[in-house]
Each structure stands twice: as structure tokens, then as C-alpha cells.
Amino acid sequence: GNVVVLGFGTSNGTLAVNSISASGGTIRAFAMPACIRNSSPGEETWVVFIDSGFTGTITANISGSANHVLAAGEYSGVTGFGVGNSSAPAATTDPSLSLSAFSGGGTPWTVGVFVANSATDSTAGTGNLRSVGNLTNVTVAIVDNTSTTCAVTHASANWGIGVLELYDGGSELGNGAYTLTGTGTN
């Protein structure tokens with residue numbers, strides 16, 4: 001199973017992703033509870049399961065118009081994901097966020113989505129920086145790690161962070177995991 005983690009960030013916290021769509025293949029998209037709305041910055045983490053051989057484009061359908069960035073990281077061999085965690089916007093230098101523990105089957109990855117009110121890209125902190133982008137007053141970075149913590153290096157800014165678990169076997173039932181049998185949005 002290939003999974004794309006989409007990190008959506010906006011300088012206007014009332015802007016949201018209404019749905020995820022695709023051309024050139026079938027997807028199942030799940031909105032994670034690792035999201036921050038009605039604050040600045042706004043952050044949403046989406047998990048998109050894509051069919052084998054997918055060669056199309058994945059599009060986020062946004063609720064309005066404001067500066068926003070959509071970053072993506074693709075992961076292969078994923079069979080399930082656990083409920084994430086989020087951190088309400090706060091001004092800090094070099095932000096990080098951790099999950100409490102892994103307890104699912106297989107090898108887990110922690111994936112963090114970092115959104116800041118800044119036009120400066122983040123650099124690697126704890127974990128692997130996979131994707132980063134910015135527009136006026138908003139930057140988004142995706143970081144993954146095989147431990148429970150993800151972090152970026154950045155000067156002080158107002159941050160919103162979402163973090164989740166991906167698994168290559170089993171599921172994180174004790175943490176309210178979702179699996180491929182869930183209902184998604186096409």
C-alpha cells in the first residue's frame with residue numbers, strides 16, 4: 001500500500017480542505033484529527049491511500065482563497081495508520097512534537113506536518129525533512145522519523161503542528177487506528 005501524507009497549511013485558519021480528489025487513478029483520503037482550525041496558522045494532515053500503478057494528480061479542494069501551501073510525502077508498504085496528535089499554535093524556536101508510544105504491529109513511522117506564519121523554509125531537525133514549501137506568511141514542512149519525535153529547525157515563529165503514525169503491518173487499535181477498511185473520500 002502506497003500512502004501520501006498531505007500537509008496543508010494556511011495563514012488564515014478559517015480556510016480548510018473540503019475534499020481531496022485525483023485524476024489518473026483511484027484514491028481513498030482520510031482527514032486526521034491532527035488538525036488546527038480557526039487559528040493562525042491553520043494546519044491539516046490528510047492520509048491518502050493510492051492504488052498500485054497510480055500516475056495521476058492529487059488535488060486538495062480548498063474552501064476559500066488565501067495564502068496556503070500543500071506539501072506531500074509518499075510512503076510505501078503502509079497498511080494502517082494511528083490517530084495523531086496536534087499542537088495548538090504557539091510562538092517557539094525549533095518546534096517538535098512527539099507521540100506518546102508506538103504499540104501497533106510492524107515497523108512504525110512518525111510523520112509530522114509543521115506549519116508556521118513565516119515565509120522562510122524550515123530545515124531538518126529530528127527526523128528526515130521530506131518536503132518543504134512557503135508563500136507569503138506561511139511555510140509547511142513534512143518530517144518523518146522511526147522514533148516518536150519529529151522536529152524542524154527554524155527561527156521563532158507561530159507554529160501549528162500535526163503528527164501521526166504509519167504502520168507496515170497490524171494496526172494501532174489501542175490508539176483508535178483507522179485501516180484500509182475505513183470509508184474514504186474519492
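Residues numbered from 1 in each chain as written. Predicted model: local features only at pLDDT ≥ 70, side-chain atom pairs only at ≥ 80, totals over all residues. Heavy atoms only, no water.

S.K.: It is not clear to me how the overall build of the protein chain should be interpreted in this structure. Could you clarify?
M.R.: In terms of helices and strands, the protein chain carries zero helices and 15 strands. Expressed as a percentage of its 186 residues, the buried residues of the protein chain come to 45%. Across the protein chain, contacts joining residues at least 24 apart in sequence account for 78% of those joining residues at least 6 apart. Accessible surface computed for the protein chain: about 7,500 Å², of which carbon and sulfur atoms make up 46%. (Helix = DSSP H or I, 4+ residues; strand = E, 2+ residues; numbered from the N terminus. Buried < 20%, exposed > 50% of the residue type's maximum accessible area, 1.4 Å probe, protein only. Contact = heavy atoms within 4.5 Å. Areas by Shrake-Rupley, 256 points an atom, 1.4 Å probe, with all protein chains shown as cover.)

S.K.: Whenever I open this one, the pairing of strand S6 (residues 68-75) confuses me. Can you help?
M.R.: Along a regular strand, successive side chains alternate from one face of the sheet to the other. Residue alternation in S6 divides its side chains into a buried set, Val69, Ala71, Gly73 and Tyr75, and an unburied set, His68, Leu70, Ala72 and Glu74. Of the strand pairs in this sheet, strand S1 (residues 2-10) and S6 are connected by eight bridges, and their pairing is antiparallel. Counted as the bridge partner of Val5 is Gly73 from S6. (Pairing = 2+ DSSP bridges.)

S.K.: Where do I start with the pairing of S1 in this structure?
M.R.: For S1, the buried fraction is high: eight of the nine residues fall into the buried class. Two elements, S1 and strand S4 (residues 42-50), share nine bridges in a ladder whose sense is antiparallel. Paired with Asn2 across the strands is Ile50, a residue of S4.

S.K.: How should I be thinking about the sheet that holds strand S8 (residues 96-98) in this particular structure?
M.R.: Pairing in this open sheet of three strands is antiparallel, and the strands run S8-S13-S10 from one edge to the other. Unpaired on one side and paired on the other, S8 and strand S10 (123-124) mark the two borders of the sheet. Relative to strand S13 (residues 149-153), S8 runs antiparallel, the two being bridged by three bridges. What sits directly across from Ser98, in S13, is Thr149.

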